Amino acid sequence: QVIVVDDGSTDHTDKILAEFGDRVQTIKLGHSGISVARNAGIDASTGDYIAFLDSDDLWHPEKIEKHINFVTAHPEMVLTYTDAVQFTQNGPEKKSFVENFPALNHPDDLFTTMITKFAIPLTSAAIVKTSFLKVTGLRFPAQIGIGEDLGLFLQILIADGKFGYLPEKLTMRRMHESNISSNHCRRFEQRRRLYNDMLRDFSNRCTAEQKASLKFGLRDAHYRVGECFWEELNLSQARSEFSHAIAPNARGMRALAYAIATLLPTSFIESIRNLKRP
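In this report, we go over the structure that sits alongside the text. Since we're looking at a predicted model, the values are computed, not measured.

Some words on the state of the cysteines
Counting across every chain of the model gives one disulfide. Disulfide pairing is shown between C185 and C228; the S-S distance is 2.1 Å. One disulfide, between C185 and C228, carries an S-S torsion of -100° and so falls in the left-handed class. Taken as a pair, C185 in helix α8 (residues 184–201) and C228 in helix α9 (residues 208–231) lie far apart in primary sequence, 43 residues in all. Looking at C185, the relative accessible area reads 27%, which means it is partly exposed. Here C228 falls in the buried class, since its relative accessible area comes to 11%.

A closer look at a nonpolar patch on the surface
On the surface, a cluster of nonpolar side chains totalling about 460 Å² of accessible area is made up of I246, M253, L256, I260 and L263. Its location among the elements puts L256 in helix α11 (residues 250–261). Exposure remark for L256: the relative accessible area of 34% places this residue in the partly exposed category.

Quick look at the pattern of salt bridges
This structure, assessed with the given rule, holds eleven salt bridges. Close ionic contact of D6 with K28 constitutes a salt bridge, the shortest N to O distance being 3.3 Å. Of this pair, D6 sits in strand β1 (residues 2–7) while K28 is found in strand β2 (residues 24–29), placing the two residues 22 residues apart along the sequence. The buried category is assigned to D6, whose relative accessible area is 7%. Across the pair K66 and E62 runs a salt bridge, and its minimum N-O distance is 3.5 Å. K66 gets classed as partly exposed once you look at its relative accessible area, which sits at 29%. Residue E62 is classed as partly exposed on the basis of its relative accessible area, which comes to 35%. A single network of salt bridges, built from pairs that share partners, joins R38, D54 and E148.

Definitions and limits used
- Within any chain, residue numbers begin from 1 and follow the written order of that chain's sequence.
- Confidence filtering applies because this is a predicted model: local features only for residues at pLDDT of at least 70, side-chain atom pairs given and counted only at 80 or more, and all residues used for totals across whole chains, interfaces and linings.
- The basis for every side-chain value is the complete set of non-hydrogen atoms in the structure, without hydrogens or water.
- Cysteine sulfur pairs qualify as disulfides if the two atoms are within 2.5 Å.
- Helix numbers and strand numbers start at the N terminus; a helix is a DSSP run of H or I with at least 4 residues, a strand a run of E with at least 2.
- The buried label goes to any residue with under 20% of its type's maximum accessible area, the exposed label to any with over 50%, and the partly exposed label to all in between, with areas taken from a 1.4 Å probe on protein chains only.
- Only residues above 30% relative accessible area that lack a salt bridge enter a patch, with like-charged residues linked at up to 9 Å and the nonpolar side chains Val, Leu, Ile, Met, Phe, Trp and Tyr linked at up to 5 Å.
- With residues, only the protein chains shown are counted as cover, and all accessible areas are computed by Shrake-Rupley using a 1.4 Å probe.
- Any Lys or Arg side-chain nitrogen found within 4 Å of a carboxyl oxygen on Asp or Glu counts as a salt bridge.

Laid out in structure tokens, this is it:
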């Protein structure tokens, strides 16, 4: 079953899909966002497993065959993922996706490492059990536009779903300037919202370690968003973000120092910055 969710594309997607006839099921949406689009695909899926493929990524010709053989041999796994070759218009990069994020070699520790080391399985490399999503009702968080994959993966782990890793480069990730995840400030604004929502909605289901990791991630997101406002000299917003990142550790003390520094005159901060520039 091949499902294409067309979320308001403006290219020739519809004409290309027409060439495949009824071999491809098409769902048309109108700029509803990546989470809503993926969730529509999940709801329409009837197979035992769901494999995601984003529009700018590719699969190795044997990806599905090898991956299904792997999940069949490990029926206890709810979500499994492969490595990926990362490539640009100039060709493949030297390091694969997992080589850039070696913590992905250890799926048993993923809850903490996804938050603290940003080691998040590539969605286009993942296969998940349909029955688990249907029974639990878990979906990509619709209110999140960047990091929605992290949201679903954390929910699966909170619900005791096991992850597995197939160490083969069976996915190809296209790297370009328009990658949604390349927007640093917006990415951490979205993570701040995600962690807030998860602590509100899933706190009673989390282990103590999971809750501590979410709180760490929330403080980290506040700090990084605070840095963005600091660079823009939006000092009141920066102070608000840094105040939420204060904690009894090195990063938390830096947040306190920044929060105090935001009380200085803007002209003074600008003069200090000019002194640092070569």
